[in-house]
Every structure is written in C-alpha cells, then in structure tokens.
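Residue strings, one per chain:
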Amino acid sequence: MVPRSAHQDPNADQVVQLDAAGLHYRQLNELVRATVAGGMRKIKLLNVHGQRYIGTGLDLAVDIEVFGTPGNDLGAFMRGSRILVHGNVQDGCGNTMDDGYITVEGRAGDILGLAARGGKIFVRDNVGYRTGIHMKEYQEKCPIVVIGGTAQDFLGEYMAGGIIVLLGLNLDSGEFHQCRFVGTGMHGGAVYIRGQMRETQLGKEVGVQELSPEDKELLRGLIMEFSGHFGYNGDEILSGTFIKLIPRHLRPYGRLYAY
Amino acid sequence: MKNIEQWNNPYNEDKVIAACGLFGIMDTSGRAFSGQDVVKGITNMHDRSNGLGGGFAAYGIYPDCSDHYAFHVMYLTPRAREETEAFFTTSFRLASSQELPTRKTKNIVDPPLMVRYFIPPDGARNMDFVDDDCVTRTVMHINYCIEGAFVFSSGKNMGVFKGVGYPEDIANFFRLDEYCGYMWVAHGRFPTNTPGWWGGAHPFNILDWTVVHNGEISSYGINRRFLEMYGYRCTMQTDTEVVAYAVDLLVRKHHLPIEVAARVMAPPFWEEMQRQSDKERALNMALRQTYGSLLMNGPFTVIVAHQGEMMGLGDRIRLRPLTAATKDDLVFLSSEESAIRLVCPELDRVWTPMGGEPVIARLKEKREQEAMAAVRSTA
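Residues numbered from 1 in each chain as written. Chains lettered and ligands numbered in written order. Predicted model: local features only at pLDDT ≥ 70, side-chain atom pairs only at ≥ 80, totals over all residues.

Of regular secondary structure, chain B possesses twelve helices and 18 strands. Taking 379 residues into account, the globule formula puts the C-alpha radius of gyration at 21 Å, and chain B, at 20 Å, falls close to it. Taking the principal axes of its C-alpha atoms as reference, chain B extends roughly 60 × 45 × 45 Å. Relative to its full complement of 379 residues, chain B shows a buried share of 50%. Residue pairs in contact within chain B that sit at least 24 positions apart in sequence constitute 75% of those at least 6 positions apart. (Helix = DSSP H or I, 4+ residues; strand = E, 2+ residues; numbered from the N terminus. Rg over C-alpha atoms; globule rule 2.2 N^0.38 Å. Buried ≥ 20, exposed ≤ 12 C-beta atoms within 10 Å, placed from the backbone. Contact = placed C-beta atoms within 7 Å.)

This is how it looks when you write it as structure tokens:
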C-alpha cells in the first residue's frame, strides 16, 4: 500500500495513489488539488467511502480513477477532467458538469447529470430518478448521458438540451422499461430509448419519433463508445429497436405562469 | 413537559423542516450484534446532520426481561423525576429501575438525567395485566402533564437512545457499544429552523414503534386532525410523529399488514389505479376512501421499526434518497449506499426502491409464524 501522503513526482504521467480511508471530503479534495498543483495529472483514489464533490474545483484536466463508492455530486461543475469509477455512484453525479468525462462501472443514484452543460457520462447499469433533469445545451456544448441499464421515473424531466440514451440491456426480451413521467416538462434536447415503453409512461410534453439517418449515426458513435468502456458488442446493441423522444413545444408551461 | 409546544416549536412554524441521515441494520435470523456497525454507518453520513440531534433505536437489547415494558425517561429536573416516579409507583409494581449508564463525552453538553424502568406484564396495580393502551396512556400523561419529564421509549425488549449532538457522540455518551440487538436504526438530524432539544431528536417512539425520517410532510395538519380523532396527541410539528401514530393505528389497532400501511401513507396515483387489476384497484380505492387523511404528502423517507420488522419507505415520487441492500441474513437501509459499503463492502444485492415501494425486513421465524397462520386459515 502506498503511504498516505502523496509522494510528489513532477512527471505528469506518473500515477499517484491516494488513500481516502478516514478522510473527510474536504481533506480528500484538498489533497487531490494539492497533488494536481504538484504537477500530477493521473490520480488513483483508494478506499473511497462516501466522500462528496470528488473532482470538483480542478481547473485543469486530470484523470481520476476511483476505487470504492464515491459520495454525492461526483464531478460536480467539472471542467474537462475524466473520472473512472470502479463501483456505484450516488446522487447528483455530474451535477452541472461543464465538460469532461465520467465512466461508471456500476449503477448511479438520482439526478444523474442534473443541469449538465457539457461533457459525457457513461453508466453501465441502472440509474435512479430524474436522470438528466434540467440538462441544457448551447452551441457546441451538448451534454450526453448514456445508460446501459434502465431508469426510474422522471427521466429527462425539464430537459432544455443535451442527449440521453437509455439502452435497457438488462431487460429481458419483451420486458418494458418501468420508468414513468418520462420527459415531463421537456422543452429541448432528445432522449433515445432502446426497448419498449408504453405511451402512458411518457410525460404530456413529449412526442415520439422514428430515428432519422442522423440519429442513427449519432447513436452508432455513442454506442460504440459505450461498448468500448464496458466490453459490450456495439452492433448487437444497435440491432435493437430505438425510439426518439423530443419535446412537443418550446414553452410547455408558457401559459402557466404568465397570462 | 407541560409546555411541550414551546420546546418543540418555539417559533410556531406550521411544520419543522429538516434534512437528515438515516441508517438501519437488521439480522433477520434474530442474531444479536453490537451497535458499532450502525454507529459506523450513520457516522459516515456526518454531513447529513448538523449536531442538533442524533439517536438510535435498538431491538432485542433486554433479553432477560423481554416481556417487560422498558421505559426510557428523560428528566430535566429532580422534581420531574420525583413526580414521574410517584406516578409510576401508584400505577405499577416496577420490576426494577436504574439510571442509564452513560460516558462523559466531549460534545455532549449538560445532558439531562436518563432513567429506565422495567414493568412486568402483571405489574399493573388496578388491572390484571399491563396492555399497550395502558402504556400509551401512561406515556401521554408523563409527556404532557409532568413538567420536565419526557419518555424516549416505552416498548418491550427495546430502547431509544437520543439527544442533542451528532449521532457518533450520542452513541458514545450512551455507551451503545455495550449493547447487543438484532435490529438497530440510527438517525442524524439537521433541523433547519428549530433549535434541537433532547426530546425532539429522532427516533420518535410509541410502544415499540420507532420512526426516523428525512424530509418533511406538508400534509401534517390533515394527518394530525385524523389521528387526533383516534386519541393520538400530535405536538411535535413533525412528520415523525404522524408516521408513528399512523402505523400504530393501522397495524396495531386495525391489524393491517405493514405493507398495506405503507400503501395508505404512499398510495399509487389514481391514474395508475385505473390500469391495475380489478382486485388491486378495489383494495387501493378502499384504502384511499377509508384512510385518505393518512396519505403523507411532501418529500420524505422514513424507516419504521417494531419488534420483528423494519420498513424503509419513501414518498411516491421519491424526493428523498433510500438505498436498500442485503448480505446473507442482514438487511441494510440507508440514505447513502457508501455508508452500507463501509460497514459491509461485499453485498449480495443493493437497490433503490421506487417511490412508495416499501422495503420490508422481517424476522425469519415471524415469517414462518405468518406462513403457518396462513396455512391454518386456509385449511
């Protein structure tokens, strides 16, 4: 085991191991920032047990590999770093992420990618409630969330932009997704669903569309990338049936507040 | 605590708003284990509480007098103790009583006196045996008529240990490492606009029911009016109270299974009921018509426990977190998965229930008893 204190090695390719056992999140995140200030760009965090806000407050791109279960708001406000998690993440992963890359070899809690403004999040298994809530996009900044498993209710609620891909790989053939109120209040962006979903599961603000050639091209890229991370067969996934959910109108609650 | 309102709600809010941390472990085989793991779990969620409340419920900790009602009573003044003990001795023949063993703890500031009393089943002076309603009346009398006294718990073979402070300090103060029980529930409180007081910490208790909760219930007023018709006095301005009384009414008095009580408090939506089977819809409609005022509105997650059962339940659109996990005979409930992983890194199963979907851990032989009862009833 590497001793607790990080040995400062100016070589940027050097991978530093930090032991998170017993550290409060403030201590751990300060240790990470100090390590980065010391010139390191690749960090392994061991024995992580619920420390929050890991990967935030870094103004240069860092590669962080997390062993254990990180706490809420992993990678919140992240600007370009890359996080790989060997395990599950909790609520608020990718909260208001501006840019960067989060790969989760496990499941995610609620509000994954809340209000994200860019970057990519790949989750191998299931996700919780309100995944992608309030995601938004602007010019070339378009956040992307790709989920291998299925989701719980309010997927894509109030989305103003960005892309969510729900693959349902762990559903049996013929089994439906169970999430309800999908796309409630959605007024931008797109949700791609692989597998079956009933009309009654969709929010009133969402319309269903067939895939255009551009959609297929976009999905191919994302699914190949997803498969690369988790060792799936991309073509097999692509052979499934997909639908696209898009907002019916730009201001679904337009008349609700202003008359 | 005569002027309990003043203690509970000095600023006279319509409800106490609080975010919190919940943690619970049950060994469904009934094997007793020390409180260390539950303390480790709730401590890992230190940032979910703000030091104004911490508490634990422990089941199976008084095995050698398991049929005795164990009263844990808090006293702010010696007079409160005299008055309460005078009241006790007129109503009951106490088997034994002693001050709760405590340990000087840095962050626990001028703790009240804590005393426990054991009442044997035949310990009633004016009745042939002590029953639940008699104990409930006793608790209500002490809590609302004796100044400076407050009952923390009054169930059989269980106890509540709580107060102002972080849970890890409360656990150290009450020496929880010296107790063993088959089921532990812990809570770290984060009251936002009311100062903590020892009686206001969670778990909330009535008989052997304990409730810890994270969130707030905006339907508190409606729930309270309904419950007060059945003799429950609601003074804590917090959902913990109405949840405890609701399950006591539904399960103990109306003999509904705890799953049905969960469906009363967090029922399916009307539009969803239309799509259910006739049998399912009929039950849900009947529950809504009968117990409509016990629907709990607002974001909440609760862990409700009583002898042999622990239930985790979140509101219908899951606005507060709840993670469940199992490992062999152990069942875990927590506000965060990482707290479970710290206590038990390798898990058989970990999942997040849908909103309104209860996670129920039940003692094995209790399940066998019910199976036997079911067989008998159909034979």
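Turning our eyes to something else, we now look at the sheet that holds strand S7 (residues 149-153) of chain B. Residue and element names in this part refer to chain B. The four strands are arranged S5-S6-S4-S7 in an open sheet whose pairing can be described as antiparallel. Every interior strand has two partners, whereas the edge strands, strand S5 (96-99) and S7, have only one. When the angles between neighbouring strand axes are averaged without regard to direction, this sheet yields 25°. One ladder, built from four bridges, connects strand S4 (residues 69-75) with S7; its direction is antiparallel. Bridge assignment links Tyr 75 to a residue of S7, and that residue is Ala 149. Along the sheet, helix H4 (residues 132-145) contacts S4 and S7; its crossing angle with S7, the most-contacted strand, is approximately 140°. (Pairing = 2+ DSSP bridges. Axes fitted to C-alpha atoms, helices over the stretch in contact; angles between N-to-C directions.)

This paragraph deals with the nonpolar core. One finds B:Phe56, B:Val243, B:Ala246, B:Met265, B:Val304 and B:Met310 to be the most contacted residues of the largest nonpolar core, which totals 107 residues. Among the elements that make up this core, the one with the highest residue count is helix H7 (residues 239-253) of chain B (eight residues). Look past the residues within four positions of B:Ala246 in its chain and what remains in contact with it is B:Asn223, B:Leu227, B:Met265 and B:Leu294. With 73 residues, the next largest nonpolar core counts A:Leu58, A:Tyr101, A:Leu114 and A:Met135 among its residues. (Core = buried A, V, L, I, M, F, W, Y, C linked by C-beta atoms within 7 Å.)

Moving on: the interface of chain A and chain B. Of the residues lining the interface, 14 residues belong to chain A; the matching set on chain B comes to 13 residues. Counted by class, the side of chain A that touches chain B contains one nonpolar, ten polar and three charged residues. (Nonpolar A, V, L, I, M, F, W, Y, C, P; charged D, E, K, R; others polar.)

Turning to the pairing of strand S6 (residues 120-123) of chain A, a few remarks are in order. Residues and elements named next belong to chain A. Neither face of S6 is exposed, since Lys 120 and Phe 122 on one face and Ile 121 and Val 123 on the opposite face are all buried. In this structure, strand S5 (residues 99-104) lies alongside S6, joined through four bridges in parallel fashion. Its bridge partner lying in S6, Tyr 101 is registered against Lys 120. When S6 meets strand S7 (residues 144-147), the two strands line up parallel, connected through four bridges. Counterpart to Val 123 in the pairing with S7 is Ile 147.

The next thing to look at is the sheet that holds strand S2 (residues 42-49) of chain A. All names here are of chain A. In spatial order, the strands read S1-S2-S3-S4-S5-S6-S7-S8-S9-S11-S10; together these eleven strands make up an open sheet with mixed pairing. Edge positions in the open sheet fall to strand S1 (15-19) and strand S10 (206-209), since each of these has one partner strand only. The average angle at which neighbouring strand axes cross in this sheet is 15°, direction not considered. Across the sheet, helix H2 (residues 213-230) lies against S5, S6, S7, strand S8 (160-166), strand S9 (188-194) and strand S11 (242-247), angled at about 60° from S7, the strand it touches most.

Our next topic: the confidence of the model for chain B. Of all residues in chain B, 95% have pLDDT values of 70 or greater, and the mean over the chain is 92. Both confidence scores are given for the complex: pTM 0.93, ipTM 0.92. (pLDDT = per-residue confidence, 0-100.)

A few words now on the packing of H7(B) against helix H8 (residues 258-265) of chain B. All names here are of chain B. In the contact formed by H7 and H8, the axes pass within 10 Å of each other and the chain directions differ by 130°. Judged by the inter-axis angle, H7 sits oblique to H8. In the packing of H7 onto H8, the handedness of the crossing is right-handed. Together, Val 243, Ala 246, Val 247, Leu 250 and Val 251 of H7 and Ile 258, Ala 261, Val 264 and Met 265 of H8 make up the contact between the two elements. The class makeup of the residues in the contact of H7 with H8 is nine nonpolar, no polar and no charged. (Parallel < 35°, antiparallel > 145°, perpendicular 65-115°, else oblique. Left-handed = near helix turned anticlockwise from the far one by under 90°.)

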